[in-house]
Amino acid sequence: MENLVEHFVELIRRASTDLPADVEAALREAKEREADGSAAAGALTTILENVALARANSTPICQDTGVPIFYVFYPPGRGISTHQFRRQAEEAVAEATRRAYLRPNAVDALTGQNSGNNLGQGFPTFHFEEWERDDIRVNLLLKGGGSENVGVQYKLPDARLQAGRDLEGVRRAVLDAVYQAQGKGCAPAILGVALGSDRGYGYVHAKEQLFRPLGDVNAEPTLAALEERLLRECNELGVGPMGFGGRTTVLGVKIGAYHRLPACYFVSVAYMCWACRRASMTIYNNGEVEYD
Amino acid sequence: MASYDLQIPISEDEIRRLAVGDTVYLNGVIVTGRDAAHKYMIENFIRTDAATDTLPPADQALYEELRSLLAGGVIYHCGPVVRQDEKGEWHFVAAGPTTSIREEPYEADVIAHFGLRGVIGKGGMGPNTLIACREYGAAYFHAVGGAASLIADAVKEVLAVHKKDEFGVPEAFWVIRVERFPVVVTMDAHGRSIHSDVAADSQAALERLLAGS
């Protein structure tokens, strides 16, 4: 298998230091909506200055560079070994940590010892899938602990929320998740939501939704309508940037529906902070690499 | 809403003058401390039956240093990205706040024990910390979560690091000198908290939305 280590390092650098253009534009629009001189406007101004500075200096947007989560799509017949792929990505993660694009974040759950290089049991995480195309696609998400802590999985029906096993129940669950999070997950957030699936894959799919650009409209009209409604209603909660109060609590809501067991109806909400550090690269057959 | 430049150590008068919504620029020496640091301070220095002079010498020295830095001082809930140069000196590369609420079980005691005047973090803290702020004259300073490169720019010097090998880089006590570190007062020494106001308002909004479906 070809050596992709430097490409992985560059992908990590971009994810950590260069906020995606659609997210930055949404933050800019959010700032315009907030009252002049408000704490909310001040927070968004600081956020935008920080985004520009991080990009210019190639330093992390946020010090919590999170768990690197790799979603890899690869073609058959190009000599891809998922084992080698993982080894190369891990080498890149350790190198990116040395170059201070990543903070050492892997802590042994038994001893409390930080491994110092972001490598450990199940750290970073990988999801591999073979696909029909002949290029390799790598999606990377850096998701920090503050936002991860406010993610929540509902099991419908939920008596407290009077949420049944239907889209109205989903709506109630998502609104509750955003209310519960307050400013603790670094609002304004982007929500990735998965309906159905099992408990484990519910969150995996919810995080996949975070790769959709903010302007992307769901191909399923029912979900598109729910995304739009939830975006509006989450912002009516008034939590605001950083929980300071204000008009922008959420920048986007992305929902996917997956088959479920008859007995289970999970709503998995992955709460992504405003520093939505996603980056992707495509490695073509001729060896050319494109980052986006 | 006023704007202040404060020099650390901060006096009680200066803290009691602040109100929620005020912008503050902090200057001077502060100490980072988060989950492991708070647990350590509580278990070894604060909620312990043993006299602190029976501590192992290294912990005793750290205790003395923290006592002098935190009297009138500021603790920062932060796990930075750091870089060590060829001379072995440390630099902060990215240094935004971490979520403070995890320290709620400890912070009131830390404020009381050391005579802290300020806690910097994000997301706000709960009723025990708010009561301690009023009783002892302290404030909660909210930094902008995720604004890590910008805040690292305000960190002019890393003076020392303690417990790095034991706790890891994010959890260590980093002693840093800051200039014009920008924060907003979201919990003041008069019992006001923006966080409880926003929680109450958003709860009312949630109830409206759920009733109107």
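Predicted model only: the values in this text are computed from it and were never measured. Residue numbering note: each chain is counted from 1, following its sequence as written. Note on labels: chains are lettered from A, ligands numbered from 1, in written order. pLDDT decides what is reported in this predicted model: residues at 70 or higher carry local features, side-chain atom pairs at 80 or more are listed and counted, and totals for whole chains, interfaces and linings draw on all residues regardless.

### Concerning the overall build of chain B
- In this text, helices come from DSSP runs of H or I with a minimum length of four residues, and strands from runs of E with a minimum of two, each type numbered from the N-terminal end. Scanning chain B from terminus to terminus reveals eight helices and nine strands.
- For a compact globule of 213 residues, the expected C-alpha radius of gyration is about 17 Å, and chain B comes in at 18 Å, within 12% of that figure.
- Across its three principal axes, chain B shows a C-alpha extent of roughly 60 × 40 × 35 Å.
- The 213 residues of chain B split such that 51% are buried.
- For chain B, the share of sequence-separated contacts (at least 6 apart) that also reach a separation of at least 24 residues comes to 63%. Just to be clear, the radius of gyration here is over C-alpha atoms, and the globule rule we use is 2.2 Å times residues to the power 0.38. Here exposure depends only on C-beta density: within 10 Å of a residue's C-beta, 20 or more other C-beta atoms make it buried, 12 or fewer make it exposed, and intermediate numbers make it partly exposed, the C-beta atoms being placed from the backbone. Once C-beta atoms are placed from the backbone, any two residues with those atoms within 7 Å are in contact.

### Concerning the overall build of chain A
- Each helix and strand counted, chain A has eight helices and nine strands in total.
- Taken over the C-alpha trace, chain A has a radius of gyration of 19 Å; the compact-globule value for 292 residues is 19 Å, and the two agree within 12%.
- Along the first, second and third principal axes, the C-alpha set of chain A runs to 50 × 50 × 45 Å.
- Out of the 292 residues in chain A, the part that is buried amounts to 49%.
- Sequence-distant contacts, at least 24 apart, represent 76% of the contacts inside chain A between residues at least 6 apart.

### Observations regarding the interface of chain B and chain A
- If you look at the interface, chain B gives 41 residues, while chain A gives 44 residues.
- Of all the elements in the fold, those that place two or more residues in the side of chain B that touches chain A are strand 4 (81–84), strand 5 (90–94), helix 6 (148–154), strand 9 (173–187) and helix 8 (194–211) of chain B.
- The biggest single contributor to the side of chain B that touches chain A is helix 8 of chain B, with eleven residues.
- Each residue gets one label: Ala, Val, Leu, Ile, Met, Phe, Trp, Tyr, Cys and Pro are nonpolar, Asp, Glu, Lys and Arg are charged, and the others, such as Gly, are polar. Residue composition of the side of chain B that touches chain A, by class: 22 nonpolar, 16 polar and three charged.

### Describing the nonpolar core
- Note on terminology: a nonpolar core is a set of buried residues of type Ala, Val, Leu, Ile, Met, Phe, Trp, Tyr or Cys, with members joined through C-beta atoms within 7 Å. Counting 153 residues, the largest nonpolar core has I12, V174, V178, A189, V193 and W274 of chain A together with A139 of chain B as the members making the most contacts within it.
- Looking at this core element by element, the count peaks at nine residues for strand 9 of chain B.
- For this core, the domains that each give at least three residues are domain 1 (5–15 + 61–143 + 277–291) and domain 2 (146–272) of chain A. Residue ranges assigned to each domain were obtained from an automatic or database domain assignment.

### Re the environment of V138 of chain A
Residue and element names in this part refer to chain A.
- Following the sequence through the fold, V138 ends up in strand 3 (residues 136–143).
- For V138 and F128, which are ten residues apart along the polypeptide, the C-alpha to C-alpha distance reads 9.4 Å.
- Once you skip the residues sitting within four places of it in the chain, V138 turns out to touch L11, F70, V72, S280 and M281.

### Section: the packing of helix 6 (residues 167–181) of chain A against helix 8 (residues 221–236) of chain A
All names here are of chain A.
- Two numbers describe how helix 6 lies on helix 8: the axes approach to 11 Å, and their chain directions differ by 35°. The two elements helix 6 and helix 8 meet at a crossing, and its hand is right-handed. Mapping the contact onto sequence places L167, V170, R171, V174, L175 and V178 in helix 6 and T222, L226, L230, E233 and C234 in helix 8.
- Classifying every residue of the contact of helix 6 with helix 8 by side-chain character gives eight nonpolar, one polar and two charged. To obtain each axis, a line is fitted to C-alpha atoms, and for helices this fit is confined to the stretch in contact; angles are then taken between N-to-C directions over 0 to 180 degrees. A crossing counts as left-handed when the near helix is turned anticlockwise from the far one by less than a right angle, and as right-handed when that turn is clockwise.

### Topic: the confidence of the model for chain B
- Each residue carries a pLDDT value, the predictor's own confidence for that position, ranging from 0 to 100. For chain B, per-residue confidence averages 95 on the pLDDT scale, and 99% of positions sit at 70 or higher.
- Predicted complex, confidence summary: ipTM 0.92, pTM 0.94.

### Side note on the domain arrangement of chain A
Residue and element names in this part refer to chain A.
- As far as domains go, chain A holds domain 1 (5–15 + 61–143 + 277–291) and domain 2 (146–272).
- A C-alpha centroid distance of 26 Å is found between domain 1 and domain 2.
- Among the elements of the structure, strand 1 (67–74) and strand 3 are those that each provide at least two residues to the side of domain 1 that touches domain 2.
- Among the residues making up the side of domain 1 that touches domain 2, the classes are represented as three nonpolar, two polar and three charged.

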